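Residue-level structural notes
Here are the chains, one letter per residue:
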Amino acid sequence: MTSPIFSGTIPALMTPCTPDRTPDFDALVRKGQELFAAGMSAVVYCGSMGDWPLLTDAQRMEGVERLVKAGVPLIVGTGAVNTKLAVAHAAHAQKVGAQGLMVIPRVLSRGGSMTAQKAHFKDILAAAPDLPAVIYNSPHYGFATRADLFFELRKDHKNLIGFKEFGGHDDLSYAAEYITSGNDDVSLMIGVDTAVVHGFVNCGATGAITGIGNVLPAEVLNLVALSQDAAKGNALSRQRATELETALNVLSKFDEGADLVLFFKHMMVLNGDAEYTLHFNESDALSDSQRGFVEAQLKLFRAWYADWSKLAGAVL
């Protein structure tokens, strides 16, 4: 199985809140449509950015179904506290017409056991055999999927077509060397905003799943385009992509921290998207210093980008 769904630039959607701190599905759909219209190839829902641990299973499924019915190409996250629930989300995604799965490892219970993880992955993949899927590898889940397990799973589950790597530069390099470079029907997805150039240029990635792309879609689409051009050997594009990624780094690094959703939602509010003001837990909030920091850095980046984008080869 191959699929173009795991290519290009794919924002991981956040879940906006109504005043009573329930999901604002109308706003979720509007943002998904807006980002797709801006040039994103698909969206992810419901991963860490979507606050999956804070939503009910019914809420998550409603968000998935609403996005599909709105015509937004969708990759569905399968994070859950047990395998049965993960399986239910995978089966639902296939039933309602999503285009792909992001298979998240087993957490909390036996998360460090390869035997348990293998069974967990197999059950999810079997629940949605018609959906192309990538395994999400992240140090935050406490389990690293390596080549032996990946290819063992592919023997029985042809819908496993790729790997989303959130571990950073070294883990992307490992995935490229040992997992994704052997044939054209295995995709490598960049899963962290600070490694876009490395992922495309040095690792042969097919796409990037992004957090900061929700806030700065045009700029991140440009970064991906420059990186893809650099991967073809264009020296100027490689220089410009590196410059842009470096300038984005302070904002992109929020993707690696525990407060990532708080930072990205606040930047969305600064963009004028008031529906991202609230969080599901009332106590979840940035400190005054954190707000001041991100506001200053976003302002600085915008000023820098306006000046830098005038350079030759800066915008493709």
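A few points on the structure.

What counts, and where the lines are drawn
Residues numbered from 1 in each chain as written. Predicted model: local features only at pLDDT ≥ 70, side-chain atom pairs only at ≥ 80, totals over all residues. Heavy atoms only, no water. Helix = DSSP H or I, 4+ residues; strand = E, 2+ residues; numbered from the N terminus. Rg over C-alpha atoms; globule rule 2.2 N^0.38 Å. Buried < 20%, exposed > 50% of the residue type's maximum accessible area, 1.4 Å probe, protein only. Areas by Shrake-Rupley, 256 points an atom, 1.4 Å probe, with all protein chains shown as cover. Axes fitted to C-alpha atoms, helices over the stretch in contact; angles between N-to-C directions. Parallel < 35°, antiparallel > 145°, perpendicular 65-115°, else oblique. Left-handed = near helix turned anticlockwise from the far one by under 90°. Contact = heavy atoms within 4.5 Å. Arc of directions from axis to C-beta. Salt bridge = Lys/Arg side-chain N within 4 Å of Asp/Glu carboxyl O. Phe/Tyr/Trp six-rings, centres within 6.5 Å; stacked < 30°, edge-to-face > 60°. Lys NZ or Arg CZ within 6 Å of the ring centre and 35° of its normal.

1. What about the overall build of the protein?
If you tally the helices and strands in the protein, you get 11 helices and eight strands. Since a compact globule built from 316 residues should have a radius of gyration of about 20 Å, the 19 Å found for the protein is in line with a globular shape. Counting only C-alpha atoms and orienting by the principal axes, one finds that the protein spans roughly 50 × 50 × 35 Å. Within the protein, the proportion of its 316 residues that are buried is 55%. Put simply, the protein shows about 12700 Å² of open surface, and 53% of that area lies on carbon and sulfur atoms.

2. So, the packing of helix H5 (residues 147-156) against helix H6 (residues 169-180)
Contact geometry of H5 with H6 gives a least axis separation of 10 Å together with a crossing angle of 45°. Judged by the inter-axis angle, H5 sits oblique to H6. At the point where H5 passes H6, the crossing takes the right-handed sense. Touching Ala 147, Phe 150 and Phe 151 of H5 are Tyr 174, Tyr 178 and Ile 179, all from H6.

3. What to know about H5
Every buried residue of H5 is listed here: Ala 147, Leu 149, Phe 150, Leu 153 and Arg 154. The arc that holds the buried residues of H5, viewed along the axis, is 165°, so those residues lie on one side. Projecting away from the buried face of H5 at angles above 90 degrees are the exposed residues Asp 148, Lys 155 and Asp 156. If you follow the buried residues of H5, they end up packed against helix H4 (114-127), strand S5 (133-137), strand S6 (160-165) and H6.

4. Let's talk about the environment of Lys 122
Mapped onto the elements, Lys 122 comes out in helix H4. Assessed through its relative accessible area of 24%, Lys 122 is described here as partly exposed. Sequence spacing of Lys 122 and Phe 163 is 41 residues, and the spatial spacing of their C-alpha atoms is 15 Å. Not counting chain neighbours up to four residues away, the residues in contact with Lys 122 comprise Leu 153, Asp 156 and His 157.

5. Topic: the pattern of salt bridges
Per the counting criterion, the structure on display carries 13 salt bridges. As a salt-bridge pair, Arg 291 and Asp 288 come within 2.0 Å of each other at their nearest N and O atoms. In this pair, Arg 291 and Asp 288 are both assigned in helix H11 (residues 288-308), three residues apart and thus about one turn of the helix distant. Look at Arg 291 and you get partly exposed, because its relative accessible area is 28%. Among the residues examined, Asp 288 registers a relative accessible area of 62% and is labelled exposed. Through salt bridges with shared partners, a single network forms among Asp 26, Glu 62 and Arg 66.

6. Topic: the packing of aromatic side chains
One pass over the full model with this rule turns up 12 aromatic pairs. Aromatic side chains Phe 301 and Tyr 305 sit 5.8 Å apart centroid to centroid with 35° between the ring planes, which places their arrangement in the tilted category. Note that Phe 301 and Tyr 305 are positioned in helix H11 at a spacing of four residues, about one turn of the helix. Residues Phe 301 and Tyr 305 agree in their burial class; the two are buried. Considering the side-chain rings of Trp 304 and Trp 308, the 5.0 Å spacing of their centres and the 15° angle between planes classify their relative orientation as stacked. A residue pair is termed a helical-turn pair when its members lie 3 or 4 positions apart in one helix, as Trp 304 and Trp 308 do in helix H11 at four residues. Judged by relative accessible area, which is 28%, Trp 304 ranks as partly exposed. Accessibility expressed as a relative area gives 5% for Trp 308, which makes it buried. Members of the aromatic cluster, connected to one another through ring pairs, are Phe 301, Trp 304, Tyr 305 and Trp 308. Above the ring of Tyr 174, the side-chain terminus of Arg 146 is found at 4.3 Å from the ring centroid.

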